[in-house]
Structures are given as C-alpha cells and as structure tokens.
Amino acid sequence: METDSGASALKAAWNFLRQFWLQVVAISAGLLIPCFWHKRIEAGDLGSHVYNAWLAQLIEHGQAPGLHLARQWNNVLFDILLLKLGNLFGLAAAQKILVPLCVLIFFWGAFALLAAVSRRAPWFLLPCLVMLAYGWTFNLGFFNYYLSLGLGFFAIAIVWRGRGREFILAALLAVIVFVAHPQGFVWLVGCVGYVVLWRLLPGWWKLALPGAALLAVVVTRFYLMKHYEAFGVWEIFGPGVYNGADQIALYSVRYYILSGVALVFGLVRFVAEAIRRYWAREPWADVRLPMELHWFLVFTIYVLPDVVRIPLYSGWVGALALRLTTAAAVMGLCVLAAMRPRKWHTVGFGVIAILFFAFLYQDTAKLNRMEDQIERLVGTLPRGERVTATIWAPPDSRLPFIVHMMDRACVAKCFSYQNYEPPSGQFRVRVGEEGSPLNTEDSDASQQMEAGEYVVQPGDLPMAQIYQCDEDDLTQLCVRQLSAGEMNGRIGYHPPKD
C-alpha cells in the first residue's frame, strides 16, 4: 500500500488507521502473545525494575529505612509508570499491563518510521519488526531505553514526512523520550539533526555531514578512553557482527546461527534489488539517507566505548554501544523497506521468525521454571531476610541478567541485598549516606555479590544465598545461610575462566 506522498504525516497515519484498523488490531493482538505465554514475562532487568518499584512503595509508606526516592528527570518513565500502575492494580498485574504497552509503542513506532521512509506500509517486513520488538534490548529488560526508542521512532517519522505544526508534536514526544532515557533522547536529537541538515545542504556538501558525524564519534571515544576507565564492545564481548542483526542473537548458539541466516537473507535481498535497479536504471536517492544513518550507527557501535565509569555515578554505565544495535536494525530495515517488496521476502523472514519464537518460548519457559524454584526457596526463609544470588547464564548466552529473577521473587518476602540500582545513583531509588539495612550502599560490593566474590561481613548477617547447585544442570537452584568471613560464592557453579 503506497502512502499519499502529498499528505501530512498525521493525516497519512489517520488514513492508514481508518483503512487498516482491523489489520492493526489483529497484528497487535498477535504481537502480544509472548507477553502472556508464560506465568511471568522473562526479560532480564525487568525483575529489578519490579523489585525497586516495590521498594519505592515501601519508601512512600516510611517502611524502607536508609532508602529514599531521588528527584530525577530522565531514565525514569518506565519506573514511574510501573509504580503508579502497581499502586492501582498490584505489581504482578502492572507488569502485564505496562510491558505489552511498551511493545506496542516500540513496534508501531518502528513501523511508522519504515512507512515514512519508504512511503508505503512495510507489511512484508512484519516478521522482522516482530522479532526486533522481542530482541536483545527487550530480553535484557532495558525498558526505559526500549520505551524511549519506540516514542523516538514516532517523532523521527513525523520529522521525516511531517510539516508545520506537526513538528510541535515531535518536540513534545522528544520531551517524553528524555524522561524515558537520555541515550534514546541523544539518538533522537542526533537522527533528527542529521536528517534536517542532510536536506538543507546542497549537492556535494552533503558528504560533509557523515564525515563530521564520524569525526565526532572518534573524538568522543578518545576523550572517554583518556579520561575515564572504559572498554569497547570487542573487549567485553569479543569479535562479532554488531550491526542490528545481533538483536536476535540471545540465549544460545542456535540464535547466533539464526541471526547469521537473517543477515545473509537480508543481504541477498539487497543485492537482488541492486541488480534490478541497475538494469532498470533506477536511482538510489530514496535509500541514501537511511543507509548513511545505518552505516553511521554501525561505525559508532564498534568505535564508542561500551562501558565507562564516570564520577557522576558510583557504578559502571554499561551497554552504551550495544544499545545502538536496536536503532541500527531499524535503519537497516528502513533501507529494505524502500525496496520493491516480493512474496519470497516475507516467506523467508517469516520462517526465520517462526524459529526465533519457538526458541524463545522454550528458553523463557526454562527461566519461568527457575523462578518458580526461587520463589519456593525464598518461601523457606524468615520473612524480610537479606538474600544474595549467584545465578549465571550459560556461557553462550548474551543475556547475563537472569540473576534479577531473584529480585522479583523477593517482592513482599525478602530483601535483595545486592540490588544494584540504589547504590549506582542512576535510578530513583537510592541509598542514603549512612547506608541501609535493606541494601548494600557499595556498587562494587553489589557486583562482587553477583559474581560470588564478596566476603561476608558480620553486619550482613543473617543473609542467605541462592545459587546453582548442579554444574551439569544450571537450572537447579539451592539456598543456604552464609557465615561471616566466607566468600558468598564459595559453594555453587562458577563459569569457566577464559
């Protein structure tokens, strides 16, 4: 379906919804199935978000000594909404309301951007968009960032095809994006600025824009590496292809293979279109801008440090580069969306999506069973006891934060003493200067507890540890009481050293 090139962005969106409202409803319903196919939504850091929403409730009622809510205007939108919904419906229901809402915003925001770039509804790329909605960023549980991207895609789509007063709506969305996450806001401003300047610059002057952008990234890298402790993507995760296709590389090697197949299939699609355009003598002007943005993002991912430690926070700021693979994937799909659709494109990507969600169902079901165990183990402890956990993802997994299942299991039952959010200074819930009996005040100690390298202090007791007690089956968990002077990971599985 070609969109009306003469219509404004909002008018085109309204015409689309009026014509295809039934398809939109049906696609949205199908899109949300992974949010409800298990008892819980397994998405890494989501467990930490839920647990800290519970702590925020305790703080509001004066029941969390040593903890307080800081006034913060970014990296908070998901947390504020989760707390408000949790106060109304309970935190279990709040997750099932808010996470699906975020998925819908992300998916339709990306869909709107692809449609704005290609001037047609990208139906043939629906399998790719659905996989991306449940990709690495979702499964890692970075929901403030995830929500900021979805809203930002809507804003960029408005700028791409909008006019006049519609830019006011884009500006209002930008404010909400900033509240959601600063990195999503930086991407939005950078992308909009690039698009506007690209259109204003005449002829060969357009080449100055990518050159200036690449130089800015290189300067930023050298500044961060010189002044702060920082590491790049390859230093943390090793050599790999980080161009957006890696968004579907999740829990094991089989996802990596699937990611490679998707990348090759997309490249075949691109080459076939290039050959067709060559023989038809069709220009590439319609794909040049999204292609530049895609290449720029991929360059940034490899050059920008992925983790950095700055004085503003006590903990590490992580995944700075890898988060950009989500935006890189969307811009890559914008390039494909501008090309002539074929049925074999949809069939090929559809088969890949079926395998992806079959794998995802199996792995998240396994995590649900592990969380069932954690809830049973926590139930054997005295109410309100401190708990740490050393729960490692398999060595071939790209999702290390499964340990936060313990945080969610502790809601209304125990206290996750290693909870990383309060001491980091990056979130609303924070530890006071004099510390708290409910949470460590040291970010380094929090990391040591997760790694099983923390020496238990007498003042920490009583405190229990949940750990993987069968090296041959990492889904089997046990609980034990810790003693002063011992290392909290003394017993249990540890991943092999490189």
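This write-up is about the structure you can find in this document. (Residues numbered from 1 in each chain as written. Predicted model: local features only at pLDDT ≥ 70, side-chain atom pairs only at ≥ 80, totals over all residues. Heavy atoms only, no water.)

**Digging into the overall build of the protein**
Part 1: Helix and strand counts for the protein come out as 19 helices and eight strands.
Part 2: A compact globule built from 498 residues would reach a C-alpha radius of gyration of about 23 Å, and the protein, at 23 Å, matches this within 12%.
Part 3: Oriented by its inertia axes, the alpha-carbon framework of the protein measures out at about 75 × 45 × 45 Å.
Part 4: Taken across its 498 residues, the protein has 56% of its residues classed as buried.
Part 5: Entry remark: accessible area of the protein is about 22,000 Å², with carbon and sulfur atoms responsible for 66%.
Part 6: Positive and negative side-chain charges of the protein, numbering 40 and 37 respectively, have mean locations separated by a distance of 13 Å. (Helix = DSSP H or I, 4+ residues; strand = E, 2+ residues; numbered from the N terminus. Rg over C-alpha atoms; globule rule 2.2 N^0.38 Å. Buried < 20%, exposed > 50% of the residue type's maximum accessible area, 1.4 Å probe, protein only. Areas by Shrake-Rupley, 256 points an atom, 1.4 Å probe, with all protein chains shown as cover. Lys, Arg positive; Asp, Glu negative; His and termini not counted. Charge placed at Lys NZ, Arg CZ, Asp CG, Glu CD.)

**Thoughts on the state of the cysteines**
Every disulfide links exactly two cysteines, by a covalent bond between their sulfur atoms.
Part 1: Going through the model one piece at a time under the given rule, you end up with two disulfides.
Part 2: Across a sulfur-sulfur distance of 1.8 Å, Cys-410 and Cys-414 are joined as a disulfide pair. The sign of the -95° torsion about the S-S bond sets the Cys-410-Cys-414 disulfide as left-handed.
Part 3: Here Cys-410 falls in the buried class, since its relative accessible area comes to 0%.
Part 4: By relative accessible area, Cys-414 is classed as buried at 1%.
Part 5: A sulfur-sulfur separation of 2.1 Å characterises the disulfide bridge that pairs Cys-469 with Cys-478. Around the S-S axis, the bridge from Cys-469 to Cys-478 shows a dihedral of about 70° and counts as right-handed.
Part 6: Cysteine Cys-334 shares no disulfide, and the gap to the nearest cysteine sulfur, in Cys-191, comes to 8.5 Å.
Part 7: Assessed through its relative accessible area of 0%, Cys-334 is described here as buried. (Disulfide = S-S within 2.5 Å.)

**Side note on the pairing of strand S4 (residues 386-390)**
Each regular strand carries side chains that alternate between the two faces of the sheet.
Part 1: Summarising burial for S4: five of the five residues are buried, a large majority.
Part 2: Alternating residues of S4 divide into Arg-386, Thr-388 and Thr-390 and Val-387 and Ala-389, and every residue in both groups is buried.
Part 3: Where S4 lies against strand S7 (residues 463-468), five bridges are found, and the strand directions are parallel. For Arg-386, the partnering residue across the bridge sits in S7 and is Met-463. (Pairing = 2+ DSSP bridges.)

**Considerations on the pattern of salt bridges**
Part 1: Across all of its chains, the model carries 17 salt bridges by this definition.
Part 2: Within the structure, one salt-bridge network assembled from shared partners comprises Arg-269, Glu-273, Arg-276, Arg-277, Glu-282, Asp-286 and Arg-340. (Salt bridge = Lys/Arg side-chain N within 4 Å of Asp/Glu carboxyl O.)

**Examining the nonpolar core**
Part 1: In this structure, Val-103, Leu-113, Tyr-134, Trp-160, Phe-356 and Ile-466 are the most contacted members of the largest nonpolar core, which totals 146 residues.
Part 2: The greatest single-element share of this core, amounting to 16 residues, is contributed by helix H5 (residues 91-118).
Part 3: Among the nonpolar cores identified, the runner-up in size contains seven residues, and Tyr-417, Met-449, Tyr-454 and Leu-482 belong to it. (Core = buried A, V, L, I, M, F, W, Y, C linked by side-chain atoms within 4.5 Å.)

**Section: helix H14 (residues 285-303)**
Turn by turn, an α-helix covers 3.6 residues, leaving residues three or four places apart pointing in a common direction.
Part 1: Between its first and last C-alpha atoms H14 spans 28 Å; for 19 residues at 1.5 Å apiece the expected length is 27 Å, and the two agree.
Part 2: Within H14 the residues assigned to the buried category are Val-287, Leu-289, Pro-290, Met-291, Glu-292, Leu-293, His-294, Leu-297, Val-298, Thr-300, Ile-301 and Val-303. (Expected span 1.5 Å × (residues − 1).)

**Description of empty space enclosed by the protein**
Part 1: With the rule as written, the count across this model stands at four cavities of 30 Å³ or more.
Part 2: Put simply, the largest cavity is a space of about 100 Å³.
Part 3: In terms of lining, the largest cavity is formed by His-49, Asn-52, Ala-53, Ala-56, Leu-69, Asp-79, Leu-82, Leu-83, Glu-421, Phe-427, Arg-428 and Val-429.
Part 4: Contributions of two or more residues to the lining of the largest cavity are made by helix H3 (46-60) and helix H4 (77-89).
Part 5: Classifying every residue of the lining of the largest cavity by side-chain character gives seven nonpolar, two polar and three charged.
Part 6: Of the voids in this model, the second largest cavity is the one considered here, and its volume is about 70 Å³. (1 Å grid on protein atoms, 1.4 Å probe; cavity = no way out; pocket = protein on both sides within 12 Å on 5 of 7 lines; lining within 4 Å. Points joined across faces, edges and corners; volume = space filled by probe spheres on them. Nonpolar A, V, L, I, M, F, W, Y, C, P; charged D, E, K, R; others polar.)

**Points about the sheet that holds S7**
Backbone hydrogen bonds hold the strands of a sheet together, and the pairing may be parallel or antiparallel.
Part 1: Strand order across the open sheet formed by four strands is S5-S4-S7-S8, with mixed pairing between neighbours. Edge strands, defined here as strands with exactly one partner in the open sheet, are strand S5 (415-416) and strand S8 (477-481).
Part 2: Alignment of S7 against S8, held across five bridges, turns out to be antiparallel. Pairing of Ala-464 across the sheet is with Gln-481, part of S8.
Part 3: In the packing of helix H16 (residues 343-378) onto the sheet, contacts are made with S7 and S8, and the angle to S8 comes to roughly 25°. (Contact = heavy atoms within 4.5 Å. Axes fitted to C-alpha atoms, helices over the stretch in contact; angles between N-to-C directions.)

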